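# Descriptive analysis of the structure
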Amino acid sequence: MKYEENLTIDRVDRKILSYLQQDATMTIKEIARRVHLSPTPCWKRIQRLEENGIIRARVALLDPAKVDAGVTVFIAIRTDQHNIEWSEKFAREMKSIPEIMEIYRMSGKVDYLLRVVVPDIAAFDRIYKTIIGRIALSDVTSMFAMEQMKYTTALPV
């Protein structure tokens, strides 16, 4: 993949990105019509956006409840280990647990924040025991999401 460091994204590119974030199955012809281009230049823009890593992937978004992953848990982790070796081991171990959807290294009182999806509390307890069994932690706080009030994967472009 070629990456252009100074790639300029213009108004038309932003519209294309917005439409693709809404529905990645939209045809090139439909996107082109909406952004007032013919299909070939529209397709070339999309290819350029993909080649430059702006479009990372096209995916299907699933309904968590319908695939038995309806419980979301946020885990705040603190550690007294602040070195590269520990951090790399932590990342490697957490990435190997499929129920962990997101991992963030944080500033402030929490060192790491994880988003986990599971079918129920018993499943979460298994994940919790897996986490604490794999790596030494100073403090682990779990917070169960009671209601999802907003969810989007679309970035503001």
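In what follows, the structure referred to is the one given above.
To start, this report covers the structure provided alongside it. (Residues numbered from 1 in each chain as written. Predicted model: local features only at pLDDT ≥ 70, side-chain atom pairs only at ≥ 80, totals over all residues. Heavy atoms only, no water.)

### Topic: the layout of surface pockets
The calculated volume of the largest pocket comes to roughly 1600 Å³. If you go around the largest pocket, you meet 41 residues; those closest to its centre are V59, A60, L61, Y151 and T153. Contributing elements (two or more residues each) for the lining of the largest pocket: α1 (11-22), β1 (71-78), β2 (100-105) and β3 (112-118). Here the element with the most residues in the lining of the largest pocket is α1; it accounts for 4 residues. The residue inventory of the lining of the largest pocket, partitioned by class, reads 25 nonpolar, 7 polar and 9 charged. (1 Å grid on protein atoms, 1.4 Å probe; cavity = no way out; pocket = protein on both sides within 12 Å on 5 of 7 lines; lining within 4 Å. Points joined across faces, edges and corners; volume = space filled by probe spheres on them. Helix = DSSP H or I, 4+ residues; strand = E, 2+ residues; numbered from the N terminus. Nonpolar A, V, L, I, M, F, W, Y, C, P; charged D, E, K, R; others polar.)

### What about the packing of aromatic side chains?
The geometry of an aromatic ring pair is captured by two quantities: the separation of the ring centres and the angle between the planes. Inspection of every chain in the model, using the stated rule, returns 5 aromatic pairs. Note on F90 and Y112: the rings are 4.4 Å apart at their centroids and 40° apart in plane angle, and the pair reads as tilted. Here F90, found in helix α4 (residues 84-95), pairs with Y112, found in strand β3; they are 22 residues apart in sequence, far enough to count as distant. Taking the relative accessible area as the measure of exposure, F90 reaches 1% and is therefore buried. Geometrically, the ring pair formed by F124 and F144 is edge-to-face, given 5.3 Å between the ring centres and 80° between the ring planes. Of this pair, F124 sits in helix α5 (residues 121-134) while F144 is found in strand β4 (residues 139-144), placing the two residues 20 residues apart along the sequence. A relative accessible area of 6% places F124 in the buried class. Judged by its relative accessible area of 33%, F144 is partly exposed. (Phe/Tyr/Trp six-rings, centres within 6.5 Å; stacked < 30°, edge-to-face > 60°. Buried < 20%, exposed > 50% of the residue type's maximum accessible area, 1.4 Å probe, protein only.)

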